[in-house]
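Read off the chains here:
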Amino acid sequence: MTLVDQIVATPDVAIKPGTHLIRVGYYPKWRDHQRDPYLNIDPDQIVRQARDMGATVLEWAVPENHVFIEWDGVLPHPAQSLYDGDLLADVSRACRQYGVKLLLCWATNAIHEDMADWLRRDWATIQTTGFDLGKIGTYHRHICPNYQRHRQWVAGYVCELAQRYDIDGFIFDGPWFQHHHVWPRNADGSVACRICCDAYKQATGRDVPLKLDWSSRDCLDYIDYFKSEVYRGYIRWLTGVVRRKHPHLYISYNSPIYIWGGWGDSCTPDAADLADSFYVEMHLAGREELQPVLQLKLNRAALGGKPPEMYCKTFDLAVANFAYSRPPLCEVRALGYITLSEAAIIGIHSSMDENGRAHPERSSVYAEFGAEISPKMPYYVDAAPVEFAGIHFSERTRDLYAGENPSQYLVSPVGMAQLFAESQKTYGFVLDDNLEDLSRLGRHKMIVLANSACMSMEQAQAVREYVSGGGCLLATGETSLFDENDNLQRDFLLADVLGVRFNGPSSERLKHRGSPLHDRYPFLLKSHEISEGLQDRMISRRPWFEIEANADREILATWAQVREETDFGCVNGGLEIIGDSQLPAIVAGRFGKGKVVYCACDISGQYMFEMNRHIRMLVRQAARWLSRDAVEVAAPKHVHFAITAQTGQSRVVLHFVNVLFNNKSANEVLGHGFPYDPAAYRKREGTADPCCSQPGRTDGLAAECIRQYRAKHVRKESYCPTGADQLSAYDEVIPLHGIKVSIDPRAYAFSRAFDIDTGKTLACGVTDDGRREIVLDELQVYRGIVLQM
Ligand SMILES: [Zn+2]
């Protein structure tokens, strides 16, 4: 099977990869911004502008206040009387006229100030949910997921919108609730939400445990119930409401799965049935490129291969709000191309200002980007990513083994993803359910179990068959040392595959408790194809256990012996090596027709803390020994690389995105929620407006902090003319030269390689080992290279 064969056909959904989506109409939203937008708004002009930007879909926010919340039904919001006619009907008409699809968006369970009267009608009940009426309208106040009166209203609202207007679907901003909703305690010691307690009792006959304790079975049962019945149950219910009304309507939800938590703190297996897509809103800023890429990949895995959506949020440094001001073009381009390179749906975030008019600077950036990508869209539509490796994301390990500190596990798969990304190795995620499915595993040349501690017999068996049948495995740490319920096993469930035996706790590590050696310990690389050209000693965190290698494996690395009174102040970190313990740290070998590398330490988790380039080189060479990628790239670590293949096309596209542009470091300090974010600053001071929508102004002290920072650290800046204190981020890209790409001609027998932007054919050399080689003379933000078969 070649990599081209692995491409999954794009599911038949209304909005496909390569779709260019624009979110507008986020304003008018809040009460204090409503008057001007309703007076000024011109749907025809806005839709026409979106079309001119190349958008094929318009997402129009219909906040709770478009149709007003009445106890007995739905009525137009009073502000609508300021508009001559029915605003949404005019939006829909304009969309149809200009051939643009229309999705309506609203927050399913956000509570804002206009709901106060509605909530007071049933105050006795609302109070039992622990809801504080005084906080209505503050950002992210959400109502209880089990409060049926609100659900009825939501259902009525959605059906009313679908009935009244000619639309193509819904984007739901939510649902937003997490399992700890029940746990803030009442004065009498009971858990906070009576409605949720009653619902649990009715469903299971049991009481919600009094406190969140990850070591208690009762608690874990409740969390399981919350995820499947409350969180996923809510999505199932809402999707059902929409589907019953109009089966063809497109449905997407905001971030049900998130690497670091998520609104529902929940992975959703089989989510393909729950929604057409999931979306995230991202900016590059301090999160670099990894976070958006991880989200796209994780959402795709949860959606069973369907394309996820990404909104380029991108905001100005000074105003800290995504709906105002001019975003840096280089950031929009980088994030946009990352999205297209992952065969996802690209969205841009609002080009309207608080007056209901198209924001001039924002619109011009989006128009420029739209004009750039529109002619190239034929290369991005109906595509799917080619994922060489599949990295397991173990929900069981996160929840059970890591418990209240999920990072204890998450650093392992995320660190591995980072190692792969920085080595330009293509990968996707494999969720717990996927790991039982041999045919699903077979889509990848290599499976990576990065400290996948909790594993079921079924999962272990599927991995065993995958490897014995010729698949490759890279495993680390405590992989398969616990069953799916977090019970420690006598030996690794995958002992035969990993080629090791569990030898009990390490007396060495115990000895070093309290010493820096506890967290950083040297190991010695042996002579092997993998260690060729690498330095012979490296550092990671020694595991708490020891292993013995099976006779059929080669020992790739052993733990060193270190002078006990080693001085950590000295040049090499004090790791003065005095000998070799001969205790194995990494083993490599074959199992059946497949190859395996097992590393006893959690090498990728440690990488997240140390970012040691020697470790990166070691992992890259180990992966290369296991199975060489069809396409190998030699580039600096901040180059995002991806491959997509299109349904029915005899070509693949290689994508290169350079995320090294220098406004990013400034964004990192001044970004959303960081110390000099004016909105965050106001929130801390208690002077923030009762919602997140801050007008585009910065006040005294915060603005001064920003000015000082910029004067000190930012080399140049430009002012845009849309407001008193709006400093605009600038575009300055650091180009790269001489990136080498080598291609296995057996995987991709291409007749011609050409550049998407210029159409020019690229010269192709041949390497010593018979691969074909292309050298990119320059990479600004993006290059797309087509391999035509
Ligand atoms: Zn509740």
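Here, every reference points to the structure presented above.
Throughout what follows, the structure given in this document is the object of discussion. None of these values were measured; they are calculated from a predicted model.

### Focus on the overall build of the protein
Per the secondary structure count, the protein includes 22 helices and 32 strands. Looking at the protein as a whole, 62% of its 789 residues are labelled buried. Within the protein, contacts between residues at least 6 apart in sequence are counted, and of these 76% link residues at least 24 apart. Total accessible area computed for the protein in this model is approximately 29100 Å², and 49% of it derives from carbon and sulfur atoms.

### Comments concerning the pattern of salt bridges
Under the definition given, this model contains 37 salt bridges. Arginine 333 is the salt-bridge partner of glutamate 372, the closest N and O atoms lying 3.0 Å from each other. Taken together, the residues span a long stretch of sequence, with glutamate 372 in helix α11 (residues 360-373) and arginine 333 in helix α10 (residues 329-341) at a distance of 39 residues. Across the pair arginine 783 and aspartate 755 runs a salt bridge, and its minimum N-O distance is 2.5 Å. In this pair, arginine 783 sits in strand β32 (residues 782-788) while aspartate 755 sits in strand β29 (residues 752-755), placing the two residues 28 residues apart along the sequence. Through salt bridges that share partners, Arg624, Arg628, Glu632, Asp769 and Arg771 make up one connected network.

### Thoughts on a negative patch on the surface
Together, Asp270, Asp273, Asp433, Glu436, Asp437 and Glu458 line one region of the surface with negative charge. Structurally, aspartate 273 can be placed in the loop between β7 (250-254) and β8 (277-282). Judged by its relative accessible area of 64%, aspartate 273 is exposed.

### Some details on the sheet that holds strand β30 (residues 765-766)
What the four strands build is an open sheet, ordered β23-β28-β31-β30; its pairing is antiparallel. Each edge of the open sheet carries a strand with a single partner, namely β23 (631-634) and β30. In this sheet, strand β31 (residues 772-776) lies alongside β30 in antiparallel orientation, the contact comprising two bridges. Each residue of the ladder has a partner; that of glycine 765, found in β31, is glutamate 773.

### Considerations on the packing of aromatic side chains
Counted under the stated rule, the structure contains 30 aromatic pairs. A centroid spacing of 5.3 Å and a plane angle of 80° characterise the contact between tryptophan 544 and phenylalanine 545, whose relative ring orientation is edge-to-face. By relative accessible area, which is 29% here, tryptophan 544 ends up partly exposed. Taking the ring centre of tyrosine 427 as reference, the NZ or CZ of lysine 297 above it sits at 4.5 Å.

Definitions and cut-offs
Residues numbered from 1 in each chain as written. Predicted model: local features only at pLDDT ≥ 70, side-chain atom pairs only at ≥ 80, totals over all residues. Heavy atoms only, no water. Helix = DSSP H or I, 4+ residues; strand = E, 2+ residues; numbered from the N terminus. Buried < 20%, exposed > 50% of the residue type's maximum accessible area, 1.4 Å probe, protein only. Contact = heavy atoms within 4.5 Å. Areas by Shrake-Rupley, 256 points an atom, 1.4 Å probe, with all protein chains shown as cover. Salt bridge = Lys/Arg side-chain N within 4 Å of Asp/Glu carboxyl O. Patch = residues over 30% accessible without salt bridge, like charges linked within 9 Å, V, L, I, M, F, W, Y side chains within 5 Å. Lys, Arg positive; Asp, Glu negative; His and termini not counted. Charge placed at Lys NZ, Arg CZ, Asp CG, Glu CD. Pairing = 2+ DSSP bridges. Phe/Tyr/Trp six-rings, centres within 6.5 Å; stacked < 30°, edge-to-face > 60°. Lys NZ or Arg CZ within 6 Å of the ring centre and 35° of its normal.

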